[in-house]
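Tertiary structure, described
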Amino acid sequence: MDFFNYKNQVLQAENVALTDLAQEYGTPCYVYSRATLERHYSAYADAFASHPTLICYAVKACSNIAILNVLARLGSGFDIVSVGELERVLKAGGDPAKVMFSGLGKQAVEMRRALEVGIHCFNVESEAELYRLDQVAGEMGKIAPVSLRVNPDVDAKTHPYISTGLKENKFGIDIKDAVRIYQIAHKLPNLNVMGVDCHIGSQLTELKPFLDTFDRLIGLVDELSAVGIEIKHLDLGGGLGVRYRDEVPPEPAEYAQLVLEKVKGRNVTLAFEPGRSIAANAGLLVTQVEFLKCTAHKNFAIIDGAMNDLIRPSLYSAWMDIVPVSLAPTPEGSRSYDLVGPICETGDFLGKDRELDIQAGDLLAVRSAGAYGFTMSSNYNSRNRAAEVMVDGDKTYLIRARETIEHQLAGEQVLPD
Ligand SMILES: Cc1ncc(COP(=O)(O)O)c(C=O)c1O
Ligand SMILES: N[C@@H](CCCC[NH3+])C(=O)O
């Protein structure tokens, strides 16, 4: 459930009509609902309340500092993959002691900053990374807390571009090699091997791959214990899917029930790194129809939102729900449209073959756009990135001003004469 509903035939974000919001902030514009974000985070926190568990929101899903701050106030931890994301968390008032540092290409300078602020754990993805982290920690006179990200070779049954837990994927350490590499890590003087980590993919709509993974990780924990390495922390990553169309993904409570059953009697803390399931349905992208272009072959609605604003449809052929902000009938009547942006790419579309009753000037909302929406946006075609607005009840806050050409050009210069 979210807090985007129609009232008097106009779509609202909480108590604010999107027509008013578009008037004030312009389009394209990302709109987030604070109540929805809080509800989604709390679904995890409540589900795991009976066991020591760290919920680390995956910053990459939506990294605006206002979003991070709303979650930090609820006690959320954060999963980061770069020093940029770490600085966002710190700026947002997040607690570094609740930060997991994931990602397979951490630079020494990033490790240094994370050690300086005292993060919870590094999720290390290769033997080479272990040596680098050991060296950096040694130079700083620190001990780095470490989990190894294990690749369990489980099929997450999701889009191939967002599946990460198969042996052919670049992520993690092959589970067959894990004991050997744990033994290396255990001997390195500046590392404290505390946990096992994994993340098998994103937009999972079944629990079975998670549970198969869990069983493999527990098997590894027992093997490690047999060679004298005690694991105190299990990080199961993110990946729980959301409904974009007709998917029926499991709720955090169902997931928790099964995991807590499996973890019974074991002295391990748990961690999760949900991104999409917290942010996706807490945000939408509001865009305006510039022109209708109807030919003998196709009807196009040319909109002011484009693939640079929201790349998921172009990149993954992802289907996103697109609805009119106002349900009032138009003189045009209902037709099937491809919703295309102004970018010079055939792949620049947000939706295809959508039956809509719209006319030029109308507003549309792309639903479930809160995750991997703004964070994957770009300046392609020198377009300014969209504004971001947070709604809280009947209040609205501009949490990121629309970019300007001056922002885009800052840092560029022509050659001297
Ligand atoms: C290491 C890691 N953790 C967490 C996430 C968040 O995943 P999701 O948004 O599917 O919950 C990702 C992205 O898939 C990831 O790569
Ligand atoms: N960006 C992807 C998900 C990738 C998750 C990153 N680990 C999406 O929009 O679905």
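A quick note: this is a predicted structure, and the numbers were derived from the prediction, not measured. (Residues numbered from 1 in each chain as written. Chains lettered and ligands numbered in written order. Predicted model: local features only at pLDDT ≥ 70, side-chain atom pairs only at ≥ 80, totals over all residues.)

1. A short note on the UniProt feature "modified residue: N6-(pyridoxal phosphate)lysine" (unreviewed entry) in the protein
- As recorded in UniProt, the sites labelled "modified residue: N6-(pyridoxal phosphate)lysine" (unreviewed entry) are K60.
- Along the chain, K60 falls in the loop between β5 (53-58) and α3 (65-73).
- Not counting the four nearest positions on each side in its chain, K60 is found in contact with V81, E85, G275 and T375. (UniProt positions renumbered as here; feature names shortened; annotations may be inferred. Helix = DSSP H or I, 4+ residues; strand = E, 2+ residues; numbered from the N terminus. Contact = placed C-beta atoms within 7 Å.)

2. Describing the domain arrangement of the protein
- Along its sequence, the protein is organised into domain 1 (4-32 + 280-409) and domain 2 (103-272).
- On a C-alpha basis, the centroid separation for the pair domain 1 and domain 2 is 36 Å.
- The partner domain 2 presents five residues to the eight residues of domain 1 that form the contact. (Domains from an automatic or database assignment.)

3. Here we look at the packing of helix α5 (residues 108-117) against helix α6 (residues 127-140)
- Direction vectors running N to C along α5 and α6 enclose 50 degrees, while the axes themselves pass 10 Å from each other. As judged from the angle between their axes, α5 and α6 are oblique. Crossing handedness for the pair α5 and α6: right-handed. Contacts between α5 and α6 involve A108, M111, R112 and L115 from the former and R132, L133, V136, A137 and M140 from the latter.
- A class-by-class count of the residues in the contact of α5 with α6 yields seven nonpolar, no polar and two charged. (Axes fitted to C-alpha atoms, helices over the stretch in contact; angles between N-to-C directions. Parallel < 35°, antiparallel > 145°, perpendicular 65-115°, else oblique. Left-handed = near helix turned anticlockwise from the far one by under 90°. Nonpolar A, V, L, I, M, F, W, Y, C, P; charged D, E, K, R; others polar.)

4. Here we look at α5
- Looking at α5, one finds that the buried residues are E110, M111, A114 and L115. What you see down the axis of α5 is that its buried residues fit within an arc of 130 degrees, all on one side. The outward face of α5, more than 90 degrees from its buried face, is lined by the exposed residues A108, V109 and E116.
- Of the surrounding elements, those touching the buried residues of α5 are α4 (83-91), β7 (99-101), β8 (121-124), α6 and β9 (144-151).
- After α5 finishes, the residue G118 shows a positive phi value of roughly 75 degrees. (Buried ≥ 20, exposed ≤ 12 C-beta atoms within 10 Å, placed from the backbone. Arc of directions from axis to C-beta.)

5. As for the environment of L284
- Structurally, L284 can be placed in strand β14 (residues 283-294).
- Sequence separation between L284 and Y44 is 240 residues; the distance between their C-alpha atoms is 22 Å.
- Sequence-distant contacts of L284, defined by excluding residues within four places in its chain, comprise F4, V31, A365, V366, R367 and A369.

6. What to know about unusual backbone geometry
- Cis geometry marks the peptide bond from T27 to P28; its omega dihedral reads -10 degrees.
- As for its placement among the helices and strands, P28 is situated in the loop between α1 (18-25) and β4 (29-33).
- Unlike most non-glycine residues, S382 shows phi in positive territory, near 50 degrees.
- Structurally, S382 can be placed in the loop between β19 (363-366) and β20 (387-392).

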